[in-house]
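# Structural overview
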Amino acid sequence: MTKEVLINISGLQMDVDPENPIEMVTTGAYYLKNGKHYILYDELSEDNEVTKNVLKIGPNSVELTRKGPQGSHMIFEEGKENLSYYDTPFGSFLMGVNTSNIDWMEEEEQMRLQVDYDLSVNSDHVSKCKIDVNIRPNGE
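In this report, we go over the structure that sits alongside the text. Not measured: the values here are computed from a predicted model.

Across its full length, the protein chain holds zero helices and 10 strands. In sequence order, the secondary structure elements of the protein chain are arranged as β-β-β-β-β-β-β-β-β-β. The dimensions of the protein chain, computed from C-alpha atoms along their principal axes, are 40 × 35 × 35 Å. For the protein chain, contacts bridging at least 24 residues in sequence account for 32% of all contacts bridging at least 6. Of the accessible surface of the protein chain, which amounts to about 8,400 Å², a share of 47% is contributed by carbon and sulfur atoms. The averaged location of the 25 negative side-chain charges in the protein chain is 8 Å from the averaged location of its 12 positive side-chain charges.

And the structure:
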């Protein structure tokens, strides 16, 4: 896989709006280090604020670190609930991520990640969620 990649991210909250996924296509950087895949990309909000994202995919876990106006560090591990804080300009919330499935597929010119999880905020269930990430070389 090349260093410059095209990233297609689709997120779905089944309990909130199962018919309308949130989708984003962006460019980013990819590298492999110590057996873990790293995908780095920026996300631009409606207010033109940039959030820097690092997606780290290992053999037994996936981590998403977001640094910006809405910062967070989400850890996905099958069969486990991980707690972290979701920071907003109005304060922080305790966020729980209970992962039921991680599916990682790696080919020569494409990688795909699917994660199914339940999301809670301040110990209250919010939604059953799914993330689908497709990574391929930029320019194809």
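Core analysis: the largest hydrophobic core is formed by 24 residues, its most contacted members being Ile39, Leu55, Phe76, Leu113, Tyr117 and Val133. Within the residue set of this core, elements represented by two or more residues are strand 1 (4–13), strand 3 (36–44), strand 4 (50–57), strand 5 (62–67), strand 6 (72–76), strand 8 (91–106), strand 9 (111–121) and strand 10 (124–137). If one sorts the elements of this core by residue count, strand 9 sits on top with five residues. For Tyr117, the contacting residues outside a window of four places in its chain are Met74, Phe76, Val97, Asn98, Thr99, Ser100, Ser127, Lys128, Cys129, Lys130 and Ile131.

With that out of the way, let us pick up the side chain of Ser120. Turning to its location among the elements, Ser120 is positioned in strand 9. Ignoring sequence-local partners within four residues, the contact set of Ser120 consists of Glu81, Leu94, Met95, Gly96, His125 and Val126.

With that settled, the discussion passes to the sheet that holds strand 2 (residues 22–33). Ordered in space as 6-5-4-3-2-1-10-9-8-7, the 10 strands form an open sheet in which the pairing is antiparallel. The two strands at the open ends of the sheet, each matched to only one other strand, are strand 6 and strand 7 (81–88). Adjacent strand axes in the sheet meet at a mean angle of 30 degrees, parallel and antiparallel pairs treated alike. Here 11 bridges tie strand 8 to strand 9, and the two strands are oriented antiparallel to one another. When the bridges of strand 9 are listed, Gly96 appears paired with Ser120.

Now for the pattern of salt bridges. Applying the stated rule across the entire model yields seven salt bridges. Across the pair Lys52 and Asp42 runs a salt bridge whose closest N-O atoms are separated by 3.3 Å. Taken as a pair, Lys52 in strand 4 and Asp42 in strand 3 lie far apart in primary sequence, 10 residues in all. For Asp42, a relative accessible area of 37% gives the class partly exposed. Note that Lys128 is salt-bridged to Asp118, the shortest N-O span being 3.3 Å. Here Lys128, found in strand 10, pairs with Asp118, found in strand 9; they are 10 residues apart in sequence, far enough to count as distant.

Calculation criteria
- Residues numbered from 1 in each chain as written.
- Predicted model: local features only at pLDDT ≥ 70, side-chain atom pairs only at ≥ 80, totals over all residues.
- Heavy atoms only, no water.
- Helix = DSSP H or I, 4+ residues; strand = E, 2+ residues; numbered from the N terminus.
- Contact = heavy atoms within 4.5 Å.
- Areas by Shrake-Rupley, 256 points an atom, 1.4 Å probe, with all protein chains shown as cover.
- Lys, Arg positive; Asp, Glu negative; His and termini not counted.
- Charge placed at Lys NZ, Arg CZ, Asp CG, Glu CD.
- Core = buried A, V, L, I, M, F, W, Y, C linked by side-chain atoms within 4.5 Å.
- Buried < 20%, exposed > 50% of the residue type's maximum accessible area, 1.4 Å probe, protein only.
- Pairing = 2+ DSSP bridges.
- Axes fitted to C-alpha atoms, helices over the stretch in contact; angles between N-to-C directions.
- Salt bridge = Lys/Arg side-chain N within 4 Å of Asp/Glu carboxyl O.

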